[in-house]
Amino acid sequence: MTIELTKDARAEAIRSIERYFEANMDERIGNVAAGALLSFFVDEIGPLIYNQAVATVQERLQARIAEIDIEVHEDEFQYWRKLDNQRKARR
């Protein structure tokens, strides 16, 4: 699966890379170089982060599914028990 950034997200990320270089490096990075660096990281490291996020979601969903029987459980054969309780309440 290809990871794609929206045009706005890509532009914001490039500005962030340029700002990072300006604040932390001895030299500035141009817009084109920042875009190339962003593309490298998205292609090279993006899938790792994506896969970790998917694994985290799977774990959380499996935990929720394991508890679904507790959340939606209904006792069986309750008609007569309810009827008896209603009769007792009327007395």
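Residues numbered from 1 in each chain as written. Predicted model: local features only at pLDDT ≥ 70, side-chain atom pairs only at ≥ 80, totals over all residues. Heavy atoms only, no water.

### Focus on the packing of aromatic side chains
Throughout the structure, instances matching the rule amount to three aromatic pairs. Plain terms: the ring middles of Tyr20 and Phe21 are 6.4 Å apart, the flat faces sit at 75 degrees to each other, and that makes the pair edge-to-face. Its relative accessible area of 46% is what places Tyr20 among the partly exposed residues. (Phe/Tyr/Trp six-rings, centres within 6.5 Å; stacked < 30°, edge-to-face > 60°. Buried < 20%, exposed > 50% of the residue type's maximum accessible area, 1.4 Å probe, protein only.)

### Concerning the nonpolar core
Listed in full, the seven residues of the largest apolar core are Ile14, Ile17, Phe21, Ile29, Ala34, Leu38 and Val42. Elements with a minimum of two residues in this core: helix H1 (7-24) and helix H2 (31-44). Setting aside its immediate chain neighbours within four residues, Ile17 contacts Ile29, Ala34, Leu37 and Leu38. (Core = buried A, V, L, I, M, F, W, Y, C linked by side-chain atoms within 4.5 Å. Helix = DSSP H or I, 4+ residues; strand = E, 2+ residues; numbered from the N terminus. Contact = heavy atoms within 4.5 Å.)

### Observations concerning the environment of Met25
Residue position: Met25 is located in the loop between H1 and H2. In this structure the C-alpha to C-alpha distance between Met25 and Thr2, which are 23 residues apart in sequence, comes to 30 Å.

### Details of H2
For H2, with 14 residues, the first-to-last C-alpha span of 20 Å sits near the 20 Å given by 1.5 Å per residue. For H2, the set of buried residues is Ala34, Gly35, Leu38 and Val42. Along H2, the residues classed as buried sweep out an arc of 100 degrees about the axis, all on the same side. Of the exposed residues in H2, those oriented more than 90 degrees away from the buried face are Val32, Asp43 and Glu44. Here the buried face of H2 lies against H1 and helix H3 (46-66). (Expected span 1.5 Å × (residues − 1). Arc of directions from axis to C-beta.)

### Let's talk about a positive patch on the surface
Among the surface-exposed residues, Arg87, Lys88, Arg90 and Arg91 lie close enough to one another that they form a single positively charged patch. As for its placement among the helices and strands, Arg90 is situated in helix H5 (residues 79-90). We classify Arg90 as exposed; its relative accessible area is 66%. (Patch = residues over 30% accessible without salt bridge, like charges linked within 9 Å, V, L, I, M, F, W, Y side chains within 5 Å. Areas by Shrake-Rupley, 256 points an atom, 1.4 Å probe, with all protein chains shown as cover. Salt bridge = Lys/Arg side-chain N within 4 Å of Asp/Glu carboxyl O. Lys, Arg positive; Asp, Glu negative; His and termini not counted. Charge placed at Lys NZ, Arg CZ, Asp CG, Glu CD.)

### Quick look at the pattern of salt bridges
Applying the stated rule across the entire model yields three salt bridges. Put simply, Arg28 and Glu22 hold a salt bridge, and the shortest N to O gap is 3.5 Å. Glu22 matches Arg28 in its accessibility class, with the two residues each being exposed. A salt bridge links Arg64 to Glu71; the shortest N-O distance between them is 3.5 Å. Judged by its relative accessible area of 51%, Arg64 falls in the exposed class.

### Description of the packing of H1 against H2
Two elements in contact, H1 and H2, have axes whose closest approach is 9 Å; the angle formed by their N-to-C orientations is 110 degrees. If you check the angle between H1 and H2, you find them roughly perpendicular. Every residue of H2 that contacts H1 at Arg10, Ala13, Ile14, Ile17, Glu18 and Phe21 is listed here: Asn31, Ala34, Gly35, Leu37, Leu38 and Ser39. Classifying every residue of the contact of H1 with H2 gives seven nonpolar, three polar and two charged. (Axes fitted to C-alpha atoms, helices over the stretch in contact; angles between N-to-C directions. Parallel < 35°, antiparallel > 145°, perpendicular 65-115°, else oblique. Nonpolar A, V, L, I, M, F, W, Y, C, P; charged D, E, K, R; others polar.)

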